[in-house]
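Structural features, examined
Here are the chains, one letter per residue:
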Amino acid sequence: MVPSDLEEKLGRRQALLLWPATALLSQLLLFGSWTLYRGNQQEFEISFLEITLTFLPVAAIGLLFIMLWGVIFRSKAYRLAALLAGLHLIFWLEGGLLAWDPGLLDGKPIDWSVDAWRGLVDLPLWIGALLIAGIGSIGTITHLLTFSKIIFALQMLFFLISLSTHDLETDPHATTNNLTAMSGFSSVENTVVILLDGLQG
């Protein structure tokens, strides 16, 4: 059966959105989680597989929502794809290259002025991504989508290599000791910083 022109167009739009949507969701739910888990494994009482399975429904709902959005606003699919790709690249930069360093989380006040220059870089990145998605030319959007694909492929490659070479076994005794030591910190002054650390990762 030969698909109609409408079906062909919808198929192309779904394919157009699939890559940047998967890249963005992977950055937020997979790569960021792995970065935090790898560096703080002894502080987790569950395995990374359990964390991933917990996020799977969220990823599925997010992907479904984006696909439906592309169908409803099919004339804006290219712009939506650009926005997703731009957000993917921004979160990748923010979490990897431009992550703010709060220092040791021991309850002491954090001197944010040390990395204040990062704020001057963040704003143009966000404005630039929104402008490209909103008024950028087709050529510019195409380059943005291509760059996002390349970064996503490299991220997935390094993630798989890191996953295959990392010891995923968690020592429950070490976990208990670390959690006991952490309880001595200021829960009020550290809570927001820990949440921000998760977002940055």
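Described in the following lines is the structure provided in the data block. (Residues numbered from 1 in each chain as written. Predicted model: local features only at pLDDT ≥ 70, side-chain atom pairs only at ≥ 80, totals over all residues. Heavy atoms only, no water.)

**Examining the packing of helix α3 (residues 77-97) against helix α4 (residues 117-135)**
The relative placement of two packed helices is expressed as an angle between their axes plus a distance between the axes. α4 packs onto α3 with a crossing angle of 165° between their chain directions and a minimal axis gap of 8 Å. In terms of axis orientation, α3 runs roughly antiparallel to α4. Taken as a pair, α3 and α4 cross one another with a handedness that is right-handed. Where α3 approaches α4, its residues Arg79, Ala82, Leu83, Gly86, Leu87, Ile90, Phe91, Leu93, Glu94 and Leu97 are matched on the opposing element by Arg118, Asp122, Leu125, Trp126, Ala129, Leu130, Ile132, Ala133, Gly134 and Ile135. The residue inventory of the contact of α3 with α4, partitioned by class, reads 14 nonpolar, 2 polar and 4 charged. (Axes fitted to C-alpha atoms, helices over the stretch in contact; angles between N-to-C directions. Helix = DSSP H or I, 4+ residues; strand = E, 2+ residues; numbered from the N terminus. Parallel < 35°, antiparallel > 145°, perpendicular 65-115°, else oblique. Left-handed = near helix turned anticlockwise from the far one by under 90°. Contact = heavy atoms within 4.5 Å. Nonpolar A, V, L, I, M, F, W, Y, C, P; charged D, E, K, R; others polar.)

**Description of the nonpolar core**
Membership of the largest hydrophobic core comes to 17 residues, with the highest contact counts inside it found for Leu17 and Leu84. Listed by contribution, the elements that provide at least two residues to this core are α1 (5-39), α2 (48-72), α3 and α5 (138-165). A per-element tally of this core places α3 first, with 7 residues. Not counting residues up to four positions away in its chain, the partners in contact with Leu84 are Leu17, Pro20, Ala21, Leu24 and Ile66. Ranked by size, the runner-up nonpolar core spans 9 residues in total, among them Ala23, Phe31, Ile51 and Phe152. (Core = buried A, V, L, I, M, F, W, Y, C linked by side-chain atoms within 4.5 Å. Buried < 20%, exposed > 50% of the residue type's maximum accessible area, 1.4 Å probe, protein only.)

**A few points about α2**
The first and last C-alpha atoms of α2 sit 36 Å apart over 25 residues, in line with the 36 Å expected at 1.5 Å per residue. Where α2 bends most, the angle comes to about 30°, and this point is Phe55, followed within four residues by the proline Pro57. Of the positions making up α2, those classed as buried are Phe48, Ile51, Gly62, Ile66, Met67 and Gly70. (Expected span 1.5 Å × (residues − 1). Bend = angle between axes of the 7 residues up to and from the residue.)

**Here we look at a nonpolar patch on the surface**
Taken together, the side chains of Leu64, Phe65, Leu68, Trp69, Val71, Ile72 and Phe73 make up a nonpolar region of the molecular surface, amounting to roughly 700 Å² of accessible area. Structurally, Val71 is set in helix α2. Residue class for Val71 comes out partly exposed when judged on its relative accessible area of 31%. (Patch = residues over 30% accessible without salt bridge, like charges linked within 9 Å, V, L, I, M, F, W, Y side chains within 5 Å. Areas by Shrake-Rupley, 256 points an atom, 1.4 Å probe, with all protein chains shown as cover. Salt bridge = Lys/Arg side-chain N within 4 Å of Asp/Glu carboxyl O.)

**Considering the packing of α3 against α5**
Between α3 and α5, whose axes approach to 9 Å, the crossing angle comes to 45°. With respect to each other, α3 and α5 are oriented oblique. Like other packed secondary-structure pairs, α3 and α5 cross with a definite hand, here left-handed. Packed against α3, whose contacting residues are Tyr78, Arg79, Ala81, Ala82, Ala85, Gly86, His88, Leu89 and Trp92, the element α5 presents Ile138, Ile141, Thr142, Leu144, Leu145, Phe147, Ser148, Ile151, Phe152 and Gln155 at the interface. Class assignment for the residues of the contact of α3 with α5 results in 13 nonpolar, 5 polar and 1 charged.

Such coordinate-based values are descriptive only and should not be taken to indicate function.
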